[in-house]
Amino acid sequence: MMQGHVPYPDEFVKRYREKGYWLDKTLGDDFDEFTGKYKNRVAVSAAGKHVTYSEMAKNVNRLALHFVEKGLRTYDTAILQLPNELEFIYCFFALVKIGVVPIMSLPAHRDAEITFFAQFAGAKAHFMPASFKDFSHQEMSRQARAKAPSLEFGFVSGKGVEPGFISISELLADRIEERIHVESLKRYRPNPMEPGVIQLSGGTTGVPKLIARIHNDYTLNYRGIAKEINVTKDTVTGIAIPVNHNFALACPGVLGTLYHGGRVVLIPTPRNDVVLQAIQNEKITLMPTPPALLIRWMEDPDLARYDISSLEWVIAGGARLNAEVAKKIKPVLGCNYFQNLGMAEGMAFWSRPGDDEDLLLNSQGAPLFDDDEIRIVDENERDVPYGERGELLVRGPNTIRGYFNAPEYNKKAFTADGFYRTGDVVRFYKGRYVSVEGRIKDTINRGAEKISAEEVENHILAHPKVENCAFIAMPDHVLGEKGCAFVLTRDSRSLTLDELNKFLKEERNIATFKLPERLELVTSFPMTNVGKIDKKELRRIIAEKLKKEEGRS
Ligand code: AMP
């Protein structure tokens, strides 16, 4: 068994198998099955290339053989930081076929995150682009390798591979299958009860939490969602958010689409013109998108220049879809929408085709499976009366039972009987449909990208001028929320946002999306009666200030 993984209790394993949720198939088994079935259909379109299922299988098997030959082994971990490009697809499937567990890192992650993943999970390989947004991932990887000796290999996509790194294109050009039989890969097939993919949680603590999803649960995840929202071989799914995210990869995303013989279109950036052009050119029918992107498309003055009539459904998830925005989707974009309350920990709530308007506007959906158990509880963990607000607790066949290698934290994040405490405040809306009312976890949801307040605060506190700080969410019309840092400086010294962010970027090497977008210098903090900084009050203060500023502008 992979060390650090929290298994499901035996009675649940038995139940989930007996009820047909878990089929004891691996991600690689599914891959072999759908590539065998849909051979000459186009599986993935990216950067003007259209790759069939058979070509994809050939490339994936070739890479898997190379990975084995280099020394990667079942249950090793590898940081997969490739962007929305074909190499991502090839490397992802090649890794999972031989049971190497990819850690689904974002291209935006920087040294602080990458070194942490490498050290924490003992990652053996790092997959990265040669060039992406003027940043040298290879330089960063060299630094990470100096601090994390487990990182033996650096695999690089694209042109400009530096000495000491392995070119993925060169591996793809080398027909290793003529020397080593593809059948030999069977030896590396993982156990479906073991982790297949590690997703990341924005988390609420100083460091991100790793979410190890086993093959049985992850295959169920995309199978279940794809079935519920009627994905077929005619589905063309456009991925404009980072493909590494659970939402893009498996809800139903890349995996659910390919499972049914559909086509995946990888879009390299979420920029409006690129996305709208891709919808037009590739005749995309389904798009997972955070509300922030929907708002940008709908407000784009050039929207009418594009023919986006192929678009049938958008899936709004990752952050609350405002009802006023939801009402405009059909009239402005001409398509229908699903609401999705999802989490990389597993459980997903969905609206369903045919839901009435009230349900669709006001609820984030109902769970997928009969065996998805949901509780809504008060601060003493007692179930609240139906319809009242409380914290959402979840347990089910695609929900983890604990974070990877985090026994102490797991005691807080999960109940004694295995329910995941989501930190989301919800209420039952109708039947098993819920509506999200807020959250009690200390995160910032920036356009669906989650940022742990504590993680950023720890970095801010390292600044020599900072005595104390609080990192909180401030409202934003498009992104929903942005991060605002309230800082008390030592001896009332001056500090600017640029100065702070230069430090966070250059000295602390954190991902740009986590940087504060506003700095408020204070001389004292409002405190709660248990002696903590009163963040609720800070959120109120900044919201009010923003409103006033808006009024003036
Ligand atoms: P992630 O694992 O990054 O997908 O983050 C999961 C968290 O995102 C959830 O626990 C919620 O806090 C938030 N979230 C996801 N979808 C929604 C939604 N439709 N409405 C409100 N919050 C959401």
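The structure displayed is predicted, hence computed values, not measured ones.

*Asks:* Any chance you could explain the nonpolar core here in plain terms?
*Replies:* The tendency in soluble globular proteins is for nonpolar side chains to be buried as a group. Formed by 115 residues in total, the largest nonpolar core has its most connected members in M56, F67, F92, F93, F127, F155 and M287. Within the second largest apolar cluster, 22 residues are counted, among which are M343, V384, A413 and V434.

*Asks:* Please clarify how the packing of helix 2 (residues 27–37) against helix 4 (residues 86–97) should be interpreted in this entry.
*Replies:* Angle between the axes and distance between the axes: these two values describe a pair of packed helices. Running from N to C, helix 2 and helix 4 point in directions that differ by 120°, and their axes come no closer than 7 Å. Relative to helix 4, helix 2 is oriented oblique. As for how helix 2 packs across helix 4, the hand of that crossing is left-handed. Within the contact between the two elements, helix 2 uses L27, G28, F31, D32 and F34 and helix 4 uses F93, V96 and K97. Counted by class, the contact of helix 2 with helix 4 contains 5 nonpolar, 1 polar and 2 charged residues.

*Asks:* Please explain the site of the ligand as it appears in this structure.
*Replies:* Taken together, 13 residues lie near the ligand, and N340, A344, D424, K441 and K450 sit nearest. One nitrogen or oxygen atom from the main chain of A344 is found 2.8 Å from an oxygen atom belonging to the ligand. A distance of 2.5 Å is found between an oxygen atom of the ligand and a side-chain nitrogen or oxygen belonging to D424. Here the ligand loses 88% of its free accessible area of 490 Å² to cover by the protein chains. Here the shell around the ligand takes 3 residues from strand 14 (residues 336–342), the largest share from any one element. Tallied by class, residues from the shell around the ligand come to 5 nonpolar, 4 polar and 4 charged.

*Asks:* When you look at empty space enclosed by the protein in this model, what are you seeing that I'm missing?
*Replies:* Which parts of space are left empty comes out when a probe the size of a water molecule is rolled across the atoms. On inspection of all chains with the given rule, the structure shows 1 cavity of 30 Å³ or more. Of the pockets and cavities examined, the largest cavity occupies roughly 30 Å³. Lining the largest cavity we find H5, V6, Y8, A212, I214, D217, I400, R401 and G402.

*Asks:* Sorry, what's going on with the sheet that holds strand 19 (residues 420–430) here?
*Replies:* Backbone hydrogen bonds hold the strands of a sheet together, and the pairing may be parallel or antiparallel. The strand order 17-18-19-20 describes an open sheet built from 4 strands, whose pairing is antiparallel. Either end of the sheet is taken by a strand with one partner, and the two such strands are strand 17 (373–377) and strand 20 (433–439). Recorded for the sheet is a direction-independent mean angle of 50° between the axes of neighbouring strands. Relative to strand 18 (residues 390–395), strand 17 runs antiparallel, the two sharing 5 bridges. Of the residues in strand 18, the one forming a bridge with R375 is L393.

*Asks:* So what exactly am I meant to see when it comes to the domain arrangement of the protein chain here?
*Replies:* Interfaces are often sized by the accessible area lost when the parts come together. Each domain of the protein chain was delimited in the assignment, giving domain 1 (29–193 + 202–209) and domain 2 (450–552). Each of domain 1 and domain 2 has a C-alpha centre, and the two are 36 Å apart. The interface of domain 1 with domain 2 comprises 13 residues on the first partner and 13 residues on the second. Summing both partners gives a buried area of about 890 Å² for domain 1 against domain 2, and 51% of it is carried by carbon and sulfur. When the area that domain 1 buries against domain 2 is broken down by residue, the three leading residues are E113, G202 and G206, summing to 38%. At the boundary of domain 1 and domain 2, one finds 1 salt bridge. In this structure, the salt-bridge partner of E113 is K514, at a minimum N-O distance of 2.7 Å. Where domain 1 touches domain 2, the interface holds 3 residue pairs in polar contact (both at pLDDT 80 or more). Each residue belonging to the side of domain 1 that touches domain 2 can be placed in one class, and the counts come to 4 nonpolar, 6 polar and 3 charged.

*Asks:* I would appreciate a short explanation of the packing of helix 3 (residues 53–70) against helix 4 in the present structure.
*Replies:* The geometry of helix 3 relative to helix 4 is characterised by a closest axis approach of 8 Å and an angle of 55° between their N-to-C directions. Between helix 3 and helix 4, the crossing angle belongs to the class labelled oblique. At the point where helix 3 passes helix 4, the crossing takes the right-handed sense. Contacts between helix 3 and helix 4 involve M56, N59, V60, N61, L63, A64 and F67 on the former and, on the latter, I89, Y90, C91, F93, A94, L95 and K97. Split by residue class, the contact of helix 3 with helix 4 holds 11 nonpolar, 2 polar and 1 charged.

*Asks:* Honestly, the layout of surface pockets in this entry has me stumped. Any pointers?
*Replies:* Reported here for the second largest pocket is a volume of approximately 660 Å³. Every residue lining the second largest pocket is counted, 34 residues in all, and those nearest its centre are A46, A47, G48, E85 and L86. Those elements giving two or more residues to the lining of the second largest pocket turn out to be strand 1 (42–46), strand 2 (49–52), helix 3, helix 4, helix 7 (168–173), strand 11 (263–266) and helix 11 (272–282). Top contributing element to the lining of the second largest pocket by residue count: helix 11, with 5 residues.

*Asks:* What am I meant to see in the state of the cysteines here?
*Replies:* Disulfide: a covalent bond connecting the sulfur atoms of a pair of cysteines. With the rule as written, the count across this model stands at 0 disulfides. The cysteine C251 is free of any disulfide, with C335 supplying the nearest cysteine sulfur at 19 Å. Owing to a relative accessible area of 7%, C251 belongs among the buried residues under this scheme. With no disulfide of its own, C484 lies closest to C469 among cysteine sulfurs, the gap being 11 Å. The exposure class assigned to C484 is buried, which follows from its relative accessible area of 0%.

*Asks:* I would appreciate a short explanation of the packing of aromatic side chains in the present structure.
*Replies:* Any aromatic ring pair is given by two values, namely how distant the centres are and how the planes are angled relative to each other. Considering all chains together, one arrives at 27 aromatic pairs under this definition. The interplanar angle of 65° and the centroid separation of 5.1 Å between the aromatic rings of Y16 and W22 together place this pair among those described as edge-to-face. For the pair shown, Y16 and W22 are each scored as buried. An angle of 85° between the planes, with centres 6.0 Å apart, marks the rings of F34 and Y53 as edge-to-face. One end of the pair, F34, is in helix 2; the other, Y53, is in helix 3, and 19 residues separate them in sequence. For F34, a relative accessible area of 3% gives the class buried.

*Asks:* When you look at the sheet that holds strand 25 (residues 518–521) in this model, what are you seeing that I'm missing?
*Replies:* Taken in spatial order, the 3 strands make up an open sheet running 23-24-25, and their pairing is mixed. In this open sheet, the two strands that pair with only one neighbour each are strand 23 (466–476) and strand 25. On average, each strand axis in the sheet is tilted by 25° relative to the strand beside it, whichever way the strands run. Inspection of the sheet shows strand 24 (residues 480–489) paired to strand 25 by 4 bridges, in the parallel sense. Within strand 25, the residue paired with V487 across the bridge is L521. Contacts between helix 16 (residues 453–461) and the sheet are confined to strand 23 and strand 24, with strand 23 contributing the most and set at about 140° to the helix. Contacting strand 23, strand 24 and strand 25, helix 18 (residues 535–552) crosses the sheet at an angle of about 55° to strand 23.

Calculation criteria
- Residues numbered from 1 in each chain as written.
- Predicted model: local features only at pLDDT ≥ 70, side-chain atom pairs only at ≥ 80, totals over all residues.
- Heavy atoms only, no water.
- Core = buried A, V, L, I, M, F, W, Y, C linked by side-chain atoms within 4.5 Å.
- Buried < 20%, exposed > 50% of the residue type's maximum accessible area, 1.4 Å probe, protein only.
- Axes fitted to C-alpha atoms, helices over the stretch in contact; angles between N-to-C directions.
- Helix = DSSP H or I, 4+ residues; strand = E, 2+ residues; numbered from the N terminus.
- Parallel < 35°, antiparallel > 145°, perpendicular 65-115°, else oblique.
- Left-handed = near helix turned anticlockwise from the far one by under 90°.
- Contact = heavy atoms within 4.5 Å.
- Nonpolar A, V, L, I, M, F, W, Y, C, P; charged D, E, K, R; others polar.
- Near = heavy atom within 4 Å.
- Polar contact = N/O pair within 3.5 Å; in protein donor to acceptor, adjacent residues only side chain to side chain.
- Areas by Shrake-Rupley, 256 points an atom, 1.4 Å probe, with all protein chains shown as cover.
- 1 Å grid on protein atoms, 1.4 Å probe; cavity = no way out; pocket = protein on both sides within 12 Å on 5 of 7 lines; lining within 4 Å.
- Points joined across faces, edges and corners; volume = space filled by probe spheres on them.
- Pairing = 2+ DSSP bridges.
- Domains from an automatic or database assignment.
- Buried area = accessible area lost by both parts, 1.4 Å probe.
- Salt bridge = Lys/Arg side-chain N within 4 Å of Asp/Glu carboxyl O.
- Disulfide = S-S within 2.5 Å.
- Phe/Tyr/Trp six-rings, centres within 6.5 Å; stacked < 30°, edge-to-face > 60°.

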